[in-house]
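Each chain, letter by letter, is given below.
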Amino acid sequence: MDYSNLRRQAASMKKSLFDQGYLDEQFCQVEDLQDEASPNFVEEVVTLFFKDSGRLMSNIEQALEKYPRDFNRWDTYMQQLKGSCSSIGASRMKNECMSFRDSCGQGNVEGCMRSFQKVKREHAVLRQKLESYFQLLRQAGPAGAATRPVM
Amino acid sequence: MARKMIRVLLVEDEEINRVVARAALKAAGGGDVVDEAENGEVAVQRVRDAAAPYDLVLMDKQMPVMDGHEATRRIRGMGVTTPIVAVSSDGLPADVDAFITAGADDFTSKVRACAQRRDSHACNGMGMPSHILCPRRSWESSLPNLDLLNDVYICVLLN
């Protein structure tokens, strides 16, 4: 198997995630924390993120249904999700979280609903892209740990 | 010479944020003790019951049971002078002011702990990088256990 080609593909995929705004510098910060003692740290954190964010999004969805126009509650839940997004550098998701919170601040129900749909879409896309990325990294082997993309 | 170990209290309800912050603090080296509290009430208890004072408290804002503002107020109300740095993805001026009013020493939107050689960064006269000076209080002078002359130090980088 051509491992160097796989590594190149992984690097290219990661660069694309940055270029398209899915990830920001914070993701690199998380990568910098990976070492020999925690060789799968990044993937573990990302897995935890998707588990957490799934739960938080479910809370938001329920709140939108059960507590109409409770913008304070909606905002509180979304702030938690935004915080999680910030931790791993999920930039596009974070921006949509911020849009949602802006709509909460304006008392704009439709705006909140629209933003939440976008949050869900970005979440699904990011999950798919990162799953592909880590799958490629695993195929590329231990030396496939990515380097910082040239930004 | 190795940097002295410091005791940090990490107050954060979201597990992912604790995991990343813990790893960042570990990466800074020094074998620092990192205690965790999942909300403000637990944080106040930890501070009150600690056998030795913490050197640094990293405080989240939004938490169940008791939020970061109230926890900061209560810790200060106990006469504790440990530096408290608020950590929140919200960096609005109102949020920062609320924390400082409650008694926090400074605010950052994320914790990035790094272990770096002192000579690779511009430092102020105390040996701390100039970008981590707190404009509101000189909390760096409240860190007696940090040997600022050592080669390796923790920096809590402010955005």
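Residues numbered from 1 in each chain as written. Chains lettered and ligands numbered in written order. Predicted model: local features only at pLDDT ≥ 70, side-chain atom pairs only at ≥ 80, totals over all residues. Heavy atoms only, no water.

**With respect to the pattern of salt bridges**
Going through the model one piece at a time under the given rule, you end up with 16 salt bridges over all chains. Measuring nitrogen to oxygen at the nearest pair gives 2.2 Å for the salt bridge that ties glutamate 43 of chain A to arginine 138 of chain A. Placement of the pair is glutamate 43 of chain A in helix α3 (residues 41–66) and arginine 138 of chain A in helix α6 (residues 109–140), with a sequence separation of 95 residues. Note that arginine 92 of chain A is salt-bridged to glutamate 122 of chain A, the shortest N-O span being 3.3 Å. Here arginine 92 of chain A is found in helix α5 (residues 91–106), whereas its partner glutamate 122 of chain A is found in helix α6, with 30 residues between them in sequence. Note on arginine 92 of chain A: relative accessible area 29%, which makes it partly exposed. Each of Asp52 and Arg55 of chain A together with Glu14 of chain B takes part in salt bridges that share partners, so that together they form one network. (Salt bridge = Lys/Arg side-chain N within 4 Å of Asp/Glu carboxyl O. Helix = DSSP H or I, 4+ residues; strand = E, 2+ residues; numbered from the N terminus. Buried < 20%, exposed > 50% of the residue type's maximum accessible area, 1.4 Å probe, protein only.)

**Some remarks on empty space enclosed by the protein**
Evaluation of the coordinates by the stated rule reveals two cavities of 30 Å³ or more. For the largest cavity, the lining is made up of 24 residues, of which Gly83 and Ser87 of chain A together with Glu12, Asn17 and Val87 of chain B are closest to its centre. Among the elements of the structure, α4 (71–88) of chain A together with β1 (7–11), α1 (15–27) and β3 (56–60) of chain B are those that each provide at least two residues to the lining of the largest cavity. Ranked by residue count, the leading element in the lining of the largest cavity is α4 of chain A, at five residues. Tallied by class, residues from the lining of the largest cavity come to seven nonpolar, eleven polar and six charged. (1 Å grid on protein atoms, 1.4 Å probe; cavity = no way out; pocket = protein on both sides within 12 Å on 5 of 7 lines; lining within 4 Å. Points joined across faces, edges and corners; volume = space filled by probe spheres on them. Nonpolar A, V, L, I, M, F, W, Y, C, P; charged D, E, K, R; others polar.)

**Notes on the environment of aspartate 67 of chain B**
Residues and elements named next belong to chain B. Residue position: aspartate 67 is located in the loop between β3 and α3 (68–77). Given a relative accessible area of 31%, aspartate 67 falls into the partly exposed group. For the pair aspartate 67 and glutamine 45, spaced 22 residues apart in sequence, the C-alpha separation works out to 14 Å. For aspartate 67, the contacting residues outside a window of four places in its chain are Gly40 and Lys61. (Contact = heavy atoms within 4.5 Å.)

**Focus on unusual backbone geometry**
Even without a glycine there, the phi angle at arginine 69 of chain A is positive, about 60 degrees. Relative to the helices and strands, arginine 69 of chain A is located in the loop between α3 and α4. Accessibility expressed as a relative area gives 53% for arginine 69 of chain A, which makes it exposed. Phi at valine 65 of chain B is positive, roughly 70 degrees, even though this residue is not glycine. Within the fold, valine 65 of chain B resides in the loop between β3 and α3. Classification of valine 65 of chain B by relative accessible area gives exposed; the value is 64%.

**A few points about the interface of chain B and chain A**
Taken together, the contacts link 18 residues of chain B with 23 residues of chain A. For the pair chain B and chain A, the two sides together bury roughly 1,600 Å², of which 52% comes from carbon and sulfur. Area buried by chain B at its contact with chain A is led by Glu14, Ile16 and Val20 of chain B, which between them contribute 33% of it. For the interface between chain B and chain A, the tally reads one salt bridge. For the salt bridge of arginine 55 of chain A with glutamate 14 of chain B, the shortest nitrogen-to-oxygen distance reads 3.3 Å. Our count for the chain B to chain A interface comes out at three residue pairs in polar contact (both at pLDDT 80 or more). By residue class, the composition of the side of chain B that touches chain A is six nonpolar, four polar and eight charged. (Buried area = accessible area lost by both parts, 1.4 Å probe. Polar contact = N/O pair within 3.5 Å; in protein donor to acceptor, adjacent residues only side chain to side chain.)

**Points about the nonpolar core**
Of all hydrophobic cores here, the largest spans 48 residues; its most connected members are Phe27, Phe49, Leu81, Met93, Phe100, Leu126 and Leu130 of chain A. When contributions to this core are tallied by element, the ones reaching two or more residues are α1 (3–19), α2 (25–32), α3, α4, α5 and α6 of chain A together with α1 of chain B. Looking at which element gives the most residues to this core, the answer is α3 of chain A, with twelve residues. Setting aside its immediate chain neighbours within four residues, methionine 93 of chain A contacts Phe49, Met57, Leu81, Cys85, Val119, Glu122, His123 and Leu126 of chain A. Listed in part, the 21 residues of the second largest apolar core include Val42, Val47, Ile75 and Ile84 of chain B. (Core = buried A, V, L, I, M, F, W, Y, C linked by side-chain atoms within 4.5 Å.)

**Concerning the pairing of strand β4 (residues 84–87) of chain B**
Looking along a regular strand, one sees the side chains alternate between the two faces of the sheet. Residue and element names in this part refer to chain B. Here β4 shows a buried face lined by Ile84 and Ala86 and a second buried face lined by Val85 and Val87. Inspection of the sheet shows β3 paired to β4 by four bridges, in the parallel sense. When the sheet's bridge partners are listed, valine 57 is paired in β4 with isoleucine 84. Of the crossover connections in this fold, the one passing from β3 over α3 to the parallel β4 is right-handed. Taken together, the three bridges between β4 and strand β5 (residues 106–108) define a ladder with parallel strand orientation. Within the sheet, the bridge partner assigned to valine 85 lies in β5 and is aspartate 106. On the question of chirality, the crossover connecting β4 to the parallel β5 by way of helix α4 (residues 93–102) is right-handed. (Pairing = 2+ DSSP bridges. Right-handed = clockwise from strand over helix to strand, strands pointing away.)

Honestly, it's all geometry; don't read function into it.
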